[in-house]
Amino acid sequence: MHSIKHIFFISLALFLSACVEDLAPEKEDLRKESSFEVKPSANFSASTTTNDAINLEDELASYDAVVLYFTMWCSTCSGHMDEIDYKQDNYPNIRFLMVDYVSGSIAQSKRSQRDNGYQHMTTLVDNNDVLQNLYDGKMATTVIINSQQEIIFNELYKNKLYDMLDAL
Amino acid sequence: MPKFGKKVVDVSFDMEHYQGKWDANRKYIADPSADDLNQYRLNLGYGQRLASNWQAGIVVPYVWNDNQFSGQTTQSEGLGDASVSFWYEAFDRVTCVYQVNSIEDLKPAMYFGGSLTIPTGKSAYGDHVTDDYEITGRGFYRFDANFVIEKTIYPFTATVQGSYGKHFARPVNQEYGSPVEPYTKRLGDRKSLSAAVGYTVFLEDLDTITVTTAFAKLSEDEGRGAGTNSLAIEKQSTALTAAYASPDLTRVFKISWSHALATDGRGKNFPVTDIITLGFSYAFN
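Owing to the predicted nature of the structure, the values given are computational and were not obtained by experimental measurement.

## Observations regarding the overall build of chain A
Turning to step 1, where the next piece is worked out: Helix and strand content of chain A: six helices and eight strands.
Turning to step 2, where the next piece is worked out: The secondary structure elements of chain A, listed N-terminal to C-terminal, are α-β-β-β-α-β-α-β-α-β-α-β-β-α.
Turning to step 3, where the next piece is worked out: Residues counted as buried form 48% of the 168 residues belonging to chain A.
Turning to step 4, where the next piece is worked out: In chain A, of all internal contacts separated by at least 6 residues, the share reaching a separation of at least 24 is 68%.

## A word on helix α4 (residues 106–115) of chain A
Turning to step 1, where the next piece is worked out: The set of residues buried in α4(A) consists of A:Gln108, A:Ser109, A:Ser112, A:Gln113 and A:Asp115.
Turning to step 2, where the next piece is worked out: One or two residues past the end of α4(A) sits A:Gly117, with phi positive at roughly 85 degrees.

## Let's talk about the pairing of strand β9 (residues 156–167) of chain B
Residue and element names in this part refer to chain B.
Turning to step 1, where the next piece is worked out: As paired elements, strand β8 (residues 142–153) and β9 share 12 bridges and run antiparallel to each other. Pairing of Phe143 across the sheet is with Lys166, part of β9.
Turning to step 2, where the next piece is worked out: What sits between β8 and β9 in their antiparallel hairpin is a turn of two residues.
Turning to step 3, where the next piece is worked out: Sheet topology note: the β9/strand β12 (residues 190–202) ladder contains 10 bridges and is antiparallel. Opposite Ala158, over in β12, you have Val197 as the bridge partner.

## Some thoughts on the interface of chain A and chain B
Turning to step 1, where the next piece is worked out: Each partner contributes residues to the interface: chain A has 42 residues there, and chain B has 50 residues.
Turning to step 2, where the next piece is worked out: A buried area of about 3,900 Å², summed over both sides, lies between chain A and chain B, and 59% of it is on carbon and sulfur atoms.
Turning to step 3, where the next piece is worked out: Linking chain A with chain B are zero salt bridges.
Turning to step 4, where the next piece is worked out: Where chain A meets chain B, there are 10 residue pairs in polar contact (both at pLDDT 80 or more).
Turning to step 5, where the next piece is worked out: Residue assignment for the side of chain A that touches chain B shows that the elements contributing at least two residues are α1 (2–18), α3 (75–87) and α4 of chain A.
Turning to step 6, where the next piece is worked out: Among the elements that take part in the side of chain A that touches chain B, α3(A) stands out by supplying seven residues, more than any other.

## Thoughts on a nonpolar patch on the surface
Residues and elements named next belong to chain B.
Turning to step 1, where the next piece is worked out: The grouping of Phe156, Val197, Tyr199, Val201, Leu203, Ile209, Val211, Leu240, Ile255, Trp257, Ile276 and Leu278 at the surface amounts to a nonpolar patch, some 1,000 Å² of accessible area in total.
Turning to step 2, where the next piece is worked out: At the level of elements, β12, β13 (208–220), β15 (251–260) and β17 (270–284) are the ones that each hand at least two residues to the nonpolar patch.
Turning to step 3, where the next piece is worked out: At three residues, the largest contribution of residues to the nonpolar patch is made by β12.
Turning to step 4, where the next piece is worked out: The topology assignment puts Tyr199 in strand β12.
Turning to step 5, where the next piece is worked out: Residue classification places Tyr199 among the partly exposed residues on the basis of a relative accessible area of 40%.

## What about helix α6 (residues 160–167) of chain A?
Residues and elements named next belong to chain A.
Turning to step 1, where the next piece is worked out: Buried residues of α6: Leu161, Tyr162 and Leu165, and no others. Each buried residue of α6 lies within a common arc of 90 degrees when the element is viewed along its axis, so the set occupies one face. Pointing more than 90 degrees away from the buried face of α6 are the exposed residues Asp163, Asp166 and Ala167.
Turning to step 2, where the next piece is worked out: Tucked inside the fold, the buried residues of α6 contact β4 (65–71), α3, β5 (94–100), β7 (141–146) and β8 (150–156).

## Remarks on the pairing of β4(A)
Sheet faces and side chains relate simply in a regular strand, where the side chains alternate between the two faces.
Residues and elements named next belong to chain A.
Turning to step 1, where the next piece is worked out: Most of β4 sits inside the fold, with seven of its seven residues counted as buried.
Turning to step 2, where the next piece is worked out: Burial of the side chains of β4 extends over both faces: Ala65, Val67, Tyr69 and Thr71 are buried on one face and Val66, Leu68 and Phe70 on the other.
Turning to step 3, where the next piece is worked out: The pairing of β4 with β5 spans seven bridges and is classified as parallel. Residue pairing across strands places Leu68 opposite Leu97, the latter belonging to β5.
Turning to step 4, where the next piece is worked out: Taking the sense of rotation as the criterion, the β-α-β connection linking β4, α3 and β5 turns out right-handed.

Rules of the game
- Residues numbered from 1 in each chain as written.
- Chains lettered and ligands numbered in written order.
- Predicted model: local features only at pLDDT ≥ 70, side-chain atom pairs only at ≥ 80, totals over all residues.
- Heavy atoms only, no water.
- Helix = DSSP H or I, 4+ residues; strand = E, 2+ residues; numbered from the N terminus.
- Buried < 20%, exposed > 50% of the residue type's maximum accessible area, 1.4 Å probe, protein only.
- Contact = heavy atoms within 4.5 Å.
- Pairing = 2+ DSSP bridges.
- Buried area = accessible area lost by both parts, 1.4 Å probe.
- Salt bridge = Lys/Arg side-chain N within 4 Å of Asp/Glu carboxyl O.
- Polar contact = N/O pair within 3.5 Å; in protein donor to acceptor, adjacent residues only side chain to side chain.
- Patch = residues over 30% accessible without salt bridge, like charges linked within 9 Å, V, L, I, M, F, W, Y side chains within 5 Å.
- Areas by Shrake-Rupley, 256 points an atom, 1.4 Å probe, with all protein chains shown as cover.
- Arc of directions from axis to C-beta.
- Right-handed = clockwise from strand over helix to strand, strands pointing away.

Quick look at the structure:
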């Protein structure tokens, strides 16, 4: 019985140490470029969940910058969107647009937006993956496009977003 | 593990169903009716008595995620976060009594322990996760100091248990599969406290059925680090458990329903879920 127990614990230790990814996380920088390179953004047009057409150039004519937040309506996304919702009043010259890149249709996106309680936040429906491809959008990807139509920030959502907006 | 037990094997299966969430303002938002978010966990546990008052244990979960949301269907699976624990029993004899005849009979069973959570699951900071629905673990080591105080005066049992956990800092160089500027992250301290009352019915052969109701509160402080925010979280829940124990207490079958309190003010930045657990444990004398 003792040998079975020892075999069990040794096997478990080997299993836990060898087959998983995070037990000894590394600091190595995995990015292709260590600093973010400002790039021009192509213009885009997209429909909102209320069937309004949004055009990037038009928005930048009225605002100092456009912020895009890619949501899949998950709990992490909700936490970020709540924070954006709370803070966006501090930035009246910035246009905040949520991007639903998972729903696939205006009707479905509208349902997801309503059911999750974000009707008051302008949401673009990226049903043809245009924005996803343009900005390599994934869950929580956040993009700032400045008035020169340059992408000055394209990362997962973090507080640095607001530092960048403050600096505009 | 019973006082007389030398080792115990515990197998349980959790079925967790998402019912909604509490937002940052502690407001409850119900899950969209078209969504169906579920997580299933098979927990394999083993406990070993090391000395008359000391025991150690390990639990390894395997996790399945099965989600339908916004017209999408996703499924993923993998090892969850394992945990190892050590417990000291601050009592030498079984403290359950049938009636109180002396002050000594009021002495509760007290357990003090430490547990280490090992990030064996798939986390937002590893290679295999691109969104929330694929996560099976937190990605951080955590050490918890735990206590359990329990008193049984048949047919009633009262239990209070709590824990205080500290996450270890770790380097992060990717989030949800996207490389990020390397930084150091530490999740906030985690606290839990629960109180339970149970009632035991003796059956013909002195086997028992115990029904327990509990209230639990779990919270975690805001995390630290330059990356994606880890918000402060809170959850309040109740639980109802029915357990059958054989007369010699070697076999215990358990079914439990944990219900997060789906009303405003009972949580923050946290999913509201119901968890049904089926479990079986066998103690070797």
